[in-house]
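Architecture at a glance
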Amino acid sequence: MASMGQKYLVVSDNHGNMSNLEYVIERFRGKIEALIHCGDMEIPPEMLEELAGCPVYMAEGNCDYNFSRDKEDIFELGDHVAFVTHGDAYGVSWGEEELVSKAQEMGADVVFYGHTHCPAFHYYEKEGVTVFNPGSIALPRQMTPAGPTFLIIDLAAVSYTHLRAHETPEHL
């Protein structure tokens, strides 16, 4: 059983822009169990692992060339089975149906994806799958909240966090 307060930092689509990525990793250093990156890092996976200083689950994005890891990752998240992917191979720009089907096929009940640069959260009750997109830590496309976003998964509570460059979120 997962302990209360277990936190996971979820980011995506930094496209080589390190300032916001480094900022949120530093902000949560020692406070998270793991980092989950949904792809389009445009940095070597080893560099991300060294920067994070904790376990890292990651996916290859459509802009991650010479990615030296599996394209997707599946892992335990407390009492859940989680699947991280970039999402481009599942048509996420047009919907999450293929992504949810893939999660069911893999036995995952939690999915993290990127690619769209827009934060999203959906629970598919019939399928028993929860889907998260943290948005982009560097190049957001959504109107609200304006600016880069990332996600903190707390196994007791889930919340999105809006990041203004180099501003400490008060409620975290």
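Residues numbered from 1 in each chain as written. Predicted model: local features only at pLDDT ≥ 70, side-chain atom pairs only at ≥ 80, totals over all residues. Heavy atoms only, no water.

Quick notes on the packing of helix H1 (residues 19-28) against helix H2 (residues 45-52)
Remark: H1 packs on H2, axes separated minimally by 10 Å, with the N-to-C direction vectors making an angle of 35°. Contacts between H1 and H2 involve Leu21, Glu22 and Ile25 from the former and Leu48, Leu51 and Ala52 from the latter. (Axes fitted to C-alpha atoms, helices over the stretch in contact; angles between N-to-C directions. Helix = DSSP H or I, 4+ residues; strand = E, 2+ residues; numbered from the N terminus. Contact = heavy atoms within 4.5 Å.)

Some words on unusual backbone geometry
Although it is not a glycine, His15 sits at a positive phi angle of roughly 45°. With respect to the helices and strands, His15 occurs in the loop between strand E1 (7-11) and H1.

Brief notes about the pairing of strand E8 (residues 129-134)
Side-chain direction in a regular strand flips from residue to residue, so the side chains alternate between the two faces of the sheet. With 6 of 6 residues buried, E8 lies mostly within the body of the structure. Burial along E8 is two-sided: the residues Val129, Val131 and Asn133 and Thr130, Phe132 and Pro134 are all buried. In this sheet, E8 lies alongside strand E6 (residues 110-112) in parallel orientation, the contact comprising 3 bridges. Within E8, the residue paired with Phe112 across the bridge is Phe132. Alignment of strand E7 (residues 119-124) against E8, held across 6 bridges, turns out to be antiparallel. (Buried < 20%, exposed > 50% of the residue type's maximum accessible area, 1.4 Å probe, protein only. Pairing = 2+ DSSP bridges.)

Brief notes about helix H3 (residues 97-106)
Those residues of H3 lying buried are Leu99, Val100 and Ala103. Taken end-on, H3 shows its buried residues confined to a sector of 100°, consistent with a single buried face. Exposed residues pointing more than 90 degrees away from the buried face of H3 are listed as Glu97 and Glu105. (Arc of directions from axis to C-beta.)

Section: the pattern of salt bridges
Taken as a whole and assessed by the stated rule, the structure comprises 4 salt bridges. Residues joined by salt bridges that share partners form a network here, namely Glu46, Glu49 and Arg69. (Salt bridge = Lys/Arg side-chain N within 4 Å of Asp/Glu carboxyl O.)

Topic: the environment of Leu155
Secondary-structure assignment places Leu155 in the loop between strand E9 (149-154) and strand E10 (157-162). Separated by 149 residues in sequence, Leu155 and Gln6 have C-alpha atoms that sit 5.7 Å apart.

Quick look at the nonpolar core
Ranked by internal contacts, the top residues of the largest apolar core, which has 23 residues, are Leu9, Val11, Leu21, Leu35, Leu48 and Phe150. Among the secondary structure elements, those contributing two or more residues to this core are E1, H1, H2, strand E3 (56-58) and E9. By residue number, the principal contributor to this core is H1, which donates 5 residues. Ala34, Ile36, Phe75 and Ala82 belong to the second largest nonpolar core, which has 15 residues in total. (Core = buried A, V, L, I, M, F, W, Y, C linked by side-chain atoms within 4.5 Å.)

Points about the sheet that holds strand E5 (residues 80-84)
Taken in spatial order, the 5 strands line up as E4-E5-E6-E8-E7 in an open sheet, and their pairing is mixed. Either end of the sheet is taken by a strand with one partner, and the two such strands are strand E4 (73-77) and E7. Within this sheet the neighbouring strands show an average axis-to-axis angle of 20°, counted without direction. Strand contacts of H3: E4, E5, E6, E7 and E8, with the helix running at about 125° to E8, the strand carrying the most contacts.

Notes on the packing of aromatic side chains
All chains considered together, the criterion is met by 5 aromatic pairs. The interplanar angle of 80° and the centroid separation of 6.3 Å between the aromatic rings of Phe83 and Tyr90 together place this pair among those described as edge-to-face. With relative accessibility at 0%, the residue Phe83 sits in the buried group. For the pair Phe112 and Phe132, a centre-to-centre distance of 5.6 Å together with 20° between the ring planes defines the contact as stacked. With Phe112 in strand E6 and Phe132 in strand E8, the pair connects residues that are 20 residues apart, well separated along the chain. Note on accessibility: Phe112 and Phe132 belong to one class, buried. The ring of Phe28 carries Arg27 above its face, with NZ or CZ at 5.4 Å from the centroid. (Phe/Tyr/Trp six-rings, centres within 6.5 Å; stacked < 30°, edge-to-face > 60°. Lys NZ or Arg CZ within 6 Å of the ring centre and 35° of its normal.)

Treat this as a map of the structure, not an account of what it does.
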